[in-house]
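Chain by chain, the residues run as shown.
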Amino acid sequence: VTRKTAWYVRSPCECPYHYTSEPVFPHHIPPWFDKLMRRWLHGICGDNLPDSVNLNLYEDEDHGVAWHSDDESRFGGLHGDCAIISVSLGDTRCFQAARSLGCLGPRL
């Protein structure tokens, strides 16, 4: 994993996020970012906005993430479908997604 990351959560959550064994410590979602989320996501989420945001900054073509599953127990992805909203900032890159058969069987 090569990128810069920030983990934002809604108060009162103080939960860190883990990519590997290293935690990414939380910051509370600031009002200016909440305003941006409302503008970007209201048409999709209505008033039910995400309660956490993982921001990634890819500074150049050498920054990236290998194939992975967003299946952390925090998001419920180990036990069913979960919504993941991905916003990538910085250098241009190809975003690819694939279906995982996993323990839930074939799903999209």
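Note that the structure is a prediction, hence the values are computed from the model and not measured.

Cut-off values and rules
Residues numbered from 1 in each chain as written. Predicted model: local features only at pLDDT ≥ 70, side-chain atom pairs only at ≥ 80, totals over all residues. Heavy atoms only, no water. Phe/Tyr/Trp six-rings, centres within 6.5 Å; stacked < 30°, edge-to-face > 60°. Helix = DSSP H or I, 4+ residues; strand = E, 2+ residues; numbered from the N terminus. Buried < 20%, exposed > 50% of the residue type's maximum accessible area, 1.4 Å probe, protein only. Pairing = 2+ DSSP bridges. Axes fitted to C-alpha atoms, helices over the stretch in contact; angles between N-to-C directions. Expected span 1.5 Å × (residues − 1). Bend = angle between axes of the 7 residues up to and from the residue. Contact = heavy atoms within 4.5 Å.

*Asks:* Account for the packing of aromatic side chains, naming residues and giving values.
*Replies:* For the structure shown, the criterion picks out four aromatic pairs. Ring centres of W7 and Y17 lie 4.8 Å apart, and the angle between their planes is 25 degrees; this geometry places the pair in the stacked category. Placement of the pair is W7 in strand β1 (residues 4-9) and Y17 in strand β2 (residues 17-18), with a sequence separation of 10 residues. Residue class for Y17 comes out buried when judged on its relative accessible area of 5%.

*Asks:* Go over the pairing of strand β5 (residues 52-58) with me, naming the residues and quoting the values.
*Replies:* The element β5 is extensively covered by neighbouring structure, given that five of its seven residues are classed as buried. Relative to strand β6 (residues 88-90), β5 is paired through three bridges, and the arrangement is parallel. Following the sheet pairing, L57 is matched in β6 by L89.

*Asks:* Quick one: what's the story with the sheet that holds strand β4 (residues 26-28), residue by residue and with numbers?
*Replies:* Taken in spatial order, the four strands of this open sheet run β4-β1-β5-β6, and their pairing is mixed. The sheet is open, and its two edges are formed by β4 and β6, each paired on a single side. Across the sheet, the mean angle separating the axes of adjacent strands is 35 degrees when strand polarity is ignored. By the bridge criterion, three bridges tie β1 to β4 in an arrangement that is parallel. Looking at the pairing, V9 lines up with H28 of β4.

*Asks:* Give a description of helix α1 (residues 31-45) that names residues and reports values.
*Replies:* Its 15 residues give α1 an end-to-end C-alpha distance of only 18 Å, which falls more than 12% under 21 Å, the value for a rise of 1.5 Å per residue. Approximately 45 degrees is the largest bend angle found in α1, and it occurs at R39. When α1 is considered as a whole, its buried residues turn out to be F33, D34, L36, M37 and L41. Tucked inside the fold, the buried residues of α1 contact β5. Positive backbone phi, approximately 60 degrees, marks G46, located one or two places after α1.

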